[in-house]
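Structural overview for review
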Amino acid sequence: MKNKIEELKKSAFDARAAYRIGAIDRGTAKNEITPYLEEFNRKSKEIAAKYNMKARTISFSSFVR
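These remarks concern the structure in this document.

Let us now look at the pattern of salt bridges. Under the defined criterion, the tally for this structure stands at 4 salt bridges. Where Asp14 meets Lys10, a salt bridge forms, and the shortest distance between an N and an O atom there is 3.0 Å. Placement of both Asp14 and Lys10 in helix H1 (residues 2-21) is noted, with a separation of 4 residues, approximately one turn of the helix. Residue classification places Lys10 among the exposed positions, given a relative accessible area of 55%. Glu39 is the partner of Arg42 in a salt bridge, and the nearest nitrogen-oxygen pair spans 2.6 Å. Highlighted residues: Arg42 and Glu39, both in helix H2 (residues 26-50), separated by 3 residues, approximately one helical turn. Salt bridges here are not isolated pairs; linked through shared partners, they connect Glu39, Arg42, Lys43 and Glu46.

Right under this line is the structure:
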C-alpha cells in the first residue's frame, strides 16, 4: 500500500514539473496527477474521521500552483 502511494506521488510530482516547464499539456498532466490526488484525499478523509476533524483535501489546480 505504501509503495503504491509513493509511486503515485513520484509520478504526480514528475508530471507537475513537466507541466510547469511546458513539456506536457494540462490534460496530460491532469491524467497523471489525478490518481495521486484521489488517493491522498481518501487517506485525508480517513484520518480526519478517525480524529473527528475536517479533512484537508487537494484539488488539481492547487496542486499544480
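Turning to the nonpolar core, a few remarks are in order. Leu8, Ala12, Ala15, Ala29, Ile33, Tyr36, Leu37, Phe60, Phe63 and Val64 form the largest nonpolar core, which has 10 residues in total. Those elements giving two or more residues to this core turn out to be H1, H2 and helix H3 (60-64). Among the elements that make up this core, the one with the highest residue count is H2 (4 residues). Those residues within four positions of Val64 in sequence are excluded, and the remaining contacts are Arg16, Tyr19, Arg20 and Ile33.

What follows is about the packing of aromatic side chains. Inspection of every chain in the model, using the stated rule, returns 4 aromatic pairs. Centroid distance Phe13 to Phe63: 5.3 Å. Interplanar angle 75°. Geometry classified as edge-to-face. Residue Phe13 is located in helix H1, and its partner Phe63 is located in helix H3; the two are separated by 50 residues in the primary sequence. The partly exposed category is assigned to Phe13, whose relative accessible area is 32%. Looking at Phe63, the relative accessible area reads 6%, which means it is buried. Their ring planes at 55° and their centres at 6.0 Å tell us that Tyr36 and Phe63 sit as a pair that is tilted.

Criteria and cut-off values
Residues numbered from 1 in each chain as written. Predicted model: local features only at pLDDT ≥ 70, side-chain atom pairs only at ≥ 80, totals over all residues. Heavy atoms only, no water. Salt bridge = Lys/Arg side-chain N within 4 Å of Asp/Glu carboxyl O. Helix = DSSP H or I, 4+ residues; strand = E, 2+ residues; numbered from the N terminus. Buried < 20%, exposed > 50% of the residue type's maximum accessible area, 1.4 Å probe, protein only. Core = buried A, V, L, I, M, F, W, Y, C linked by side-chain atoms within 4.5 Å. Contact = heavy atoms within 4.5 Å. Phe/Tyr/Trp six-rings, centres within 6.5 Å; stacked < 30°, edge-to-face > 60°.

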